[in-house]
Amino acid sequence: MKVLVINGPNLNMLGIREPDIYGAQNFASLESFIKSSAAELGVDVTLFQSNHEGEIVDVIQSAYGVFDGIVINPAAYTHTSVAILDALKAVGIPTAEVHLSDINSREEFRRFSYISLAAKTTICGLGFEGYRKALEFLCENI
Ligand code: DQA
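Here is a short report on the structure shown in this document. Since this is a predicted model, take the numbers as computed values, not measurements.

What counts, and at which threshold
Residues numbered from 1 in each chain as written. Predicted model: local features only at pLDDT ≥ 70, side-chain atom pairs only at ≥ 80, totals over all residues. Heavy atoms only, no water. Helix = DSSP H or I, 4+ residues; strand = E, 2+ residues; numbered from the N terminus. Rg over C-alpha atoms; globule rule 2.2 N^0.38 Å. Buried < 20%, exposed > 50% of the residue type's maximum accessible area, 1.4 Å probe, protein only. Near = heavy atom within 4 Å. Polar contact = N/O pair within 3.5 Å; in protein donor to acceptor, adjacent residues only side chain to side chain. Areas by Shrake-Rupley, 256 points an atom, 1.4 Å probe, with all protein chains shown as cover. Nonpolar A, V, L, I, M, F, W, Y, C, P; charged D, E, K, R; others polar. Phe/Tyr/Trp six-rings, centres within 6.5 Å; stacked < 30°, edge-to-face > 60°. Lys NZ or Arg CZ within 6 Å of the ring centre and 35° of its normal. Pairing = 2+ DSSP bridges. Right-handed = clockwise from strand over helix to strand, strands pointing away. Arc of directions from axis to C-beta. Contact = heavy atoms within 4.5 Å. Salt bridge = Lys/Arg side-chain N within 4 Å of Asp/Glu carboxyl O. Core = buried A, V, L, I, M, F, W, Y, C linked by side-chain atoms within 4.5 Å.

**Topic: the overall build of the protein**
Consideration 1: The secondary structure content of the protein amounts to five helices and five strands.
Consideration 2: Mapped in sequence order, the helices and strands of the protein form the string β-α-α-β-α-β-α-β-β-α.
Consideration 3: Taken over the C-alpha trace, the protein has a radius of gyration of 14 Å; the compact-globule value for 142 residues is 14 Å, and the two agree within 12%.
Consideration 4: The principal-axis extents of the C-alpha atoms in the protein amount to approximately 40 × 35 × 25 Å.
Consideration 5: With 142 residues in all, the protein has 46% of them scored as buried.

Laid out in structure tokens, this is it:
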């Protein structure tokens, strides 16, 4: 199974940005964690990170016919991006949404996710472990 893992804006700043919320480990550590989780599950994983909404739309479109599943942490675009929602609906690839923090127990504006309208599951508040759970979900549901 081929899975595209997409990380959105500011996740490349992990380890520096708000460590009390997002933890002390950096983005390279997250990528290593995702790669080793995928290897354990026998998933062929491709990693992509961007701070730009249009680039995320482009990579979702280019996943059509190539990937069996998508794991996405859209970061701040979770709460604003109809374009990313529409791209996920357009390609119809089974998608698991992940958030490091528990978006439901933070500011009110983080409680709504456009991406949840297309995702088959939303995993939040588990830190890095959420990405492993998302890969497991796709393995069990594709
Ligand atoms: C996040 C939660 C979002 O609200 C926030 O904008 C992020 C990261 C998370 O992983 O907890 O950048 O998606």
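**Describing the site of the ligand**
Consideration 1: Taken together, Arg17, Tyr22, Asn73, Ala75, Ala76, His79, His99, Leu100, Ser101, Ile103 and Arg110 make up the full set of residues near the ligand.
Consideration 2: Side-chain polar atom of His99 to an oxygen atom of the ligand: 2.8 Å apart, as the coordinates give it.
Consideration 3: Starting from 320 Å² of accessible surface for the ligand in isolation, the protein chains cover 98%.
Consideration 4: For the shell around the ligand, a count of residues per class yields five nonpolar, four polar and two charged.

**Description of the packing of aromatic side chains**
Consideration 1: Tallied over the full model, the rule gives two aromatic pairs.
Consideration 2: Residues Phe112 and Tyr114 carry aromatic rings whose centres are separated by 4.8 Å and whose planes lie at 85° to one another, so their mutual orientation is edge-to-face.
Consideration 3: When its relative accessible area of 26% is taken as the criterion, Tyr114 is described as partly exposed.
Consideration 4: Above the plane of the ring of Phe67 lies Lys2, whose end atom (NZ or CZ) is 5.3 Å from the centre.

**Looking at the pairing of strand S3 (residues 69-73)**
Consideration 1: A large share of S3 lies buried, amounting to five of its five residues.
Consideration 2: Judged by which residues are buried, S3 turns out to be covered on both faces: Gly69, Val71 and Asn73 on one side and Ile70 and Ile72 on the other are all buried.
Consideration 3: In this structure, S3 lies alongside strand S4 (residues 95-99), joined through three bridges in parallel fashion. What sits directly across from Val71, in S4, is Ala96.
Consideration 4: Traced from S3 through helix H4 (residues 82-91) to S4, the parallel crossover comes out right-handed.

**Examining helix H3 (residues 53-62)**
Consideration 1: For H3, the set of buried residues is Ile56, Val57, Val59 and Ile60. Along H3, the residues classed as buried sweep out an arc of 165° about the axis, all on the same side.
Consideration 2: Each element contacted by the buried residues of H3 is listed here: strand S1 (2-7), strand S2 (44-49), S3 and H4.

**Notes on the pattern of salt bridges**
Consideration 1: Scanning the entire structure with this criterion turns up five salt bridges.
Consideration 2: Note that Arg106 is salt-bridged to Glu107, the shortest N-O span being 3.8 Å.
Consideration 3: Residue Glu108 pairs with Arg111 through a salt bridge whose shortest N-O separation is 3.1 Å.
Consideration 4: Residue classification places Glu108 among the exposed residues on the basis of a relative accessible area of 60%.
Consideration 5: Counted as one network, the salt bridges with shared partners bring together Glu40, Glu129 and Arg132.

**As for the nonpolar core**
Consideration 1: Leu14, Val71 and Tyr131 are the most contacted members of the largest nonpolar core, which totals 23 residues.
Consideration 2: Every element with two or more residues in this core is listed here: S1, helix H2 (27-41), S4 and helix H5 (129-141).
Consideration 3: Ranked by residue count, the leading element in this core is H2, at five residues.
Consideration 4: Within the second largest apolar cluster, 17 residues are counted, among which are Val59, Ile60, Ala63 and Ile72.

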